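# Coordinate analysis (summary)
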Amino acid sequence: MLRDFFSKKKRYASIPRQEAKQDVPEGLMQKCPNCQKIFYRKELNRNMNVCPHCDHHHRLSAYERIQHLFDEGSFEEWDKQMISSNPLEFPEYEEKLEKDRIKSDLNEAVVTGKASLSGMPAAVAVMDARFRMGSMGSVVGEKITNAIENARKEQIPFIIFTASGGARMQEGVLSLMQMGKTSVALQRLHAEGGLFISVMTHPTTGGVSASFASLGDYNFAEPGALIGFAGRRIIEQTIREKLPDDFQTAEFLLEHGQLDRVVHRHELKKTLTTVLDIHSPGGEEV
């Protein structure tokens with residue numbers, strides 16, 4: 001009896017059945033790349049994709065941003081069916097475009113339209129980094145230009161949310177031409193007294209940052225957003241100097257006078273409402 005009492009019993013690890021594994025929904029949890037903490041994806045969605053632990057701003061899709069910011073049911077989309085072709089016959093470009101359409105459920109890297117914010121109308125463009133990393137091709141430039149022109153004709157403000165890796169290499173100089181095209185449209189809007197608000201999100205780089213993203217009457221950015229033209233490594237190799245750790249962040253640009261304000265996502269609707277109200281006929285600060 002004593003031998004049985006003190007003898008070591010074998011322990012067995014229980015392995016869950018395959019059926020039990022399948023009961024756990026895929027994508028239920030998410031890890032924050034900044035603080036490395038794990039939380040429920042639904043919790044992140046309820047918090048407008050802002051980490052509940054460290055306040056890191058995760059990316060929003062174009063339609064998520066529109067849903068969070070603008071009045072319910074007010075968004076009227078423009079140029080939805082406009083899609084890119086392959087003018088330079090770049091190898092496999094059309095296949096990559098089709099893959100991104102399926103993955104993102106978008107036809108291009110920007111969504112444009114008209115919506116109201118706290119009852120005030122505005123033309124809107126929202127870039128989405130899920131489609132070709134938000135790169136700027138001919139269709140992106142055309143859709144943004146059309147939105148600017150519509151804002152000018154309807155005499156309403158134009159608001160853009162940028163997220164881009166720069167110009168789209170598969171379209172060569174045609175992509176670079178969109179920098180001048182959008183900038184001219186903005187100049188026409190400005191000449192007629194139109195209001196342009198630029199909100200830069202992570203990341204806003206290359207030709208987008210060097211053109212329409214930086215031409216706002218108000219230039220805002222989300223916390224921690226990467227904003228710049230060339231990459232850190234290229235700049236360091238060119239000037240042969242070590243750049244500051246916070247170089248090309250929204251906070252760095254604000255400190256050096258290139259932004260008007262860094263706005264937390266939870267405060268963005270209030271900030272935009274205030275600006276629109278100030279510039280509306282007979283408006284005053286709320």
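Calculation criteria
- Residues numbered from 1 in each chain as written.
- Predicted model: local features only at pLDDT ≥ 70, side-chain atom pairs only at ≥ 80, totals over all residues.
- Heavy atoms only, no water.
- UniProt positions renumbered as here; feature names shortened; annotations may be inferred.
- Helix = DSSP H or I, 4+ residues; strand = E, 2+ residues; numbered from the N terminus.
- Phe/Tyr/Trp six-rings, centres within 6.5 Å; stacked < 30°, edge-to-face > 60°.
- Buried < 20%, exposed > 50% of the residue type's maximum accessible area, 1.4 Å probe, protein only.
- Core = buried A, V, L, I, M, F, W, Y, C linked by side-chain atoms within 4.5 Å.
- Contact = heavy atoms within 4.5 Å.
- Salt bridge = Lys/Arg side-chain N within 4 Å of Asp/Glu carboxyl O.

### As for the UniProt feature "zinc finger region: C4-type" (unreviewed entry) in the chain
Under the present numbering, the feature "zinc finger region: C4-type" (unreviewed entry) in UniProt falls on residues 32-54. Helix and strand shares over residues 32-54 are 26% and 13% respectively, and the end C-alpha atoms of the span are 9 Å apart.

### Considering the packing of aromatic side chains
Under the defined criterion, the tally for this structure stands at 4 aromatic pairs. Pairing Tyr218 with Phe220 gives two aromatic rings, centres 5.9 Å apart and planes at 40°, and the pair type is tilted. Judged by its relative accessible area of 22%, Tyr218 is partly exposed. An angle of 75° between the planes, with centres 5.4 Å apart, marks the rings of Phe247 and Phe252 as edge-to-face. By the burial criterion, Phe247 is buried, and Phe252 matches it.

### Digging into the nonpolar core
Residues Phe158, Phe161, Ile197 and Leu272 are the most contacted members of the largest nonpolar core, which totals 58 residues. Per-element tally for this core: the top contributor is strand β5 (residues 120-127), with 7 residues. Filtering out sequence-adjacent residues up to four positions away, Phe158 remains in contact with Ala123, Val124, Ala125, Ile144, Ala147, Ile148, Ala151, Leu186, Leu189, Leu195, Phe196 and Ile197.

### Focus: the pattern of salt bridges
Scanning the entire structure with this criterion turns up 14 salt bridges. Across the salt bridge formed by Lys103 and Asp100, the nearest N and O atoms sit 3.6 Å from each other. With Lys103 and Asp100 both in helix α5 (residues 93-104) and 3 residues apart, the pair spans about one turn of that helix. Look at Lys103 and you get exposed, because its relative accessible area is 57%. By relative accessible area, which is 4% here, Asp100 ends up buried. Residue Glu222 pairs with Arg265 through a salt bridge whose shortest N-O separation is 2.9 Å. Separated by 43 residues along the polypeptide, Glu222 in the loop between β8 (218-221) and β9 (227-228) and Arg265 in helix α11 (residues 265-279) bring together distant segments of the chain. Assigned by exposure class, Glu222 and Arg265 land together as buried. Within the structure, one salt-bridge network assembled from shared partners comprises Glu149, Arg152, Arg188 and Glu192.

### Observations concerning the UniProt feature "binding site: Zn(2+)" (unreviewed entry) in the chain
According to UniProt, the feature "binding site: Zn(2+)" (unreviewed entry) maps to Cys32, Cys35, Cys51 and Cys54 in the numbering used here. Despite a sequence span of 23 residues, these residues sit close together in the fold, their greatest C-alpha distance being 8.8 Å. Secondary-structure assignment places Cys32 in the loop between β1 (29-31) and β2 (38-40). Along the chain, Cys51 turns up in the loop between α3 (41-46) and α4 (62-69). The buried category is assigned to Cys51, whose relative accessible area is 1%. Apart from residues lying up to four places away in sequence, Cys51 is in contact with Cys32, Cys35, Phe39, Leu44, His56 and His58.

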